[in-house]
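# Commentary on secondary and tertiary structure
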Amino acid sequence: MIRFNSWGLALGLMLLAAVRAGAETSFDYGLEPQAVADGVHVLLGRTEHFTRENGGNIVNTGFIVTDDGVVVIDTGPSRRYGEQMRAAIARSTGQPVRQVYLTHAHPDHFLGSQAFVDVPVAALAGTRHSIRTRGDALNSNLYRLVGGWMAGTEAVVPAQVVEDSTVMIGGRSLRLIALNGHTTSDLAVFDEQSATLFAGDLVFFDRAATTPDADIDQWLHSLERLRAIDFKVLVPGHGPVLRDAAGIEQTRAYLGWLAGALRKAARNGMDLNEAMRAPLPPEFAKIAVIKEEFERSVIHLYPEYELETLAPVSR
Ligand SMILES: [Zn+2]
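First things first, this report covers the structure right here in the doc.

Parameters and conventions
Residues numbered from 1 in each chain as written. Predicted model: local features only at pLDDT ≥ 70, side-chain atom pairs only at ≥ 80, totals over all residues. Heavy atoms only, no water. Helix = DSSP H or I, 4+ residues; strand = E, 2+ residues; numbered from the N terminus. Buried < 20%, exposed > 50% of the residue type's maximum accessible area, 1.4 Å probe, protein only. Polar contact = N/O pair within 3.5 Å; in protein donor to acceptor, adjacent residues only side chain to side chain. Pairing = 2+ DSSP bridges. Axes fitted to C-alpha atoms, helices over the stretch in contact; angles between N-to-C directions. Contact = heavy atoms within 4.5 Å. 1 Å grid on protein atoms, 1.4 Å probe; cavity = no way out; pocket = protein on both sides within 12 Å on 5 of 7 lines; lining within 4 Å. Points joined across faces, edges and corners; volume = space filled by probe spheres on them. Nonpolar A, V, L, I, M, F, W, Y, C, P; charged D, E, K, R; others polar.

### Considerations on the side chain of glutamine 99
Relative to the helices and strands, glutamine 99 resides in strand 5 (residues 97–101). On the basis of relative accessible area, glutamine 99 is assigned to the buried category, the value being 7%. Among the polar contacts made by the side chain of glutamine 99, one reaches the side chain of glutamine 160 at a distance of 3.0 Å.

### Regarding the sheet that holds strand 10 (residues 186–191)
The mixed open sheet is built from 5 strands, whose spatial order is 8-9-10-11-12. Among the strands making up the open sheet, the edge pair consists of strand 8 (165–169) and strand 12 (233–235). Along the sheet, successive strands turn relative to each other by an average axial angle of 20°, direction set aside. Both strand 8 and strand 9 (residues 172–179) contribute to a ladder of 5 bridges, which runs antiparallel. Residue valine 167 lies in a different strand from strand 9, and its bridge partner there is leucine 174. The strands that helix 5 (residues 216–227) touches are strand 9, strand 10 and strand 11 (196–198); relative to strand 9, the one it contacts most, it runs at about 160°.

### Looking at empty space enclosed by the protein
The tally for this structure, following the rule as stated, stands at 2 cavities of 30 Å³ or more. Approximately 60 Å³ is the volume found for the largest cavity. Taken together, Asn60, Thr61, Gly62, Ile73, Asp74, Thr103, Phe198, Ala199, Gly200, Val235, Pro236 and Gly237 make up the lining of the largest cavity. Taken together, the residues that form the lining of the largest cavity break down as 5 nonpolar, 6 polar and 1 charged. A volume near 40 Å³ is recorded for the second largest cavity. What lines the second largest cavity is Phe204, Arg207, Ala208, Ala209, Gln250, Thr251, Tyr254 and Ile287. When its residues are assigned to classes, the lining of the second largest cavity shows 5 nonpolar, 2 polar and 1 charged.

Limitation: the analysis is restricted to geometry and does not speak to function.
So, in structure tokens, the structure goes:
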């Protein structure tokens, strides 16, 4: 009986290892562009953490087909992703890529840029600066997390800098909206023809927001700006595509709660570990990986809230 069980266990583990090795060695992200509006497509990532199974594909990227080629929004987490994305674009549109915009300098959004080196790649000045100064470190860190999927990936500094503006490409008017708060520089892209808003990581939906470079007050201010836009389709940086403002509302509610919980903990003189034990409100229970992201956010943000409570005393 014992022998049978251990054989069964061994066989199970071997099968599991084989399945994992298969997924890893093919390094196929299985990218399937989904049409979300006329000429607008999204490649949906999983609402998970970075793992060796998902290869870093936890991010939404997208593209817009114009009369003069394709505009790409974010290039994904690795060289392989960028290459597979470009192949998927060619398959589904038959059009060349004309322009790339990067929303911000987080590794899952820009490390696929090597696949687009022959195309103008543009970002806000702050994003360009972050990629220049931290791109290699972000690349190494993601390699540690997802392994061989990253082979051959290098951080490419975008050649073009864009500002808050409206550009016309192949008959489509694209509003480039310069915001911040998730990082120091967050670009949102609004396609006026289809009223599709690519919000980058200013909006997360049913996947917990990440905060390693966040300024919550600025972020909330940016969400107000996005809310004022008359969009029909909302593409969050992570999570499903929406036809309403639910992603903006959810991100705003969570960030508001997060800031309030940290402020309260600091005022009550809690240490970091005590602050981490704050109960998550039931309304956020369905948000993927929220407990882990909340704990990470406490580590990122709590020291500042502690300083904030100390400031009046020291003045
Ligand atoms: Zn991000």
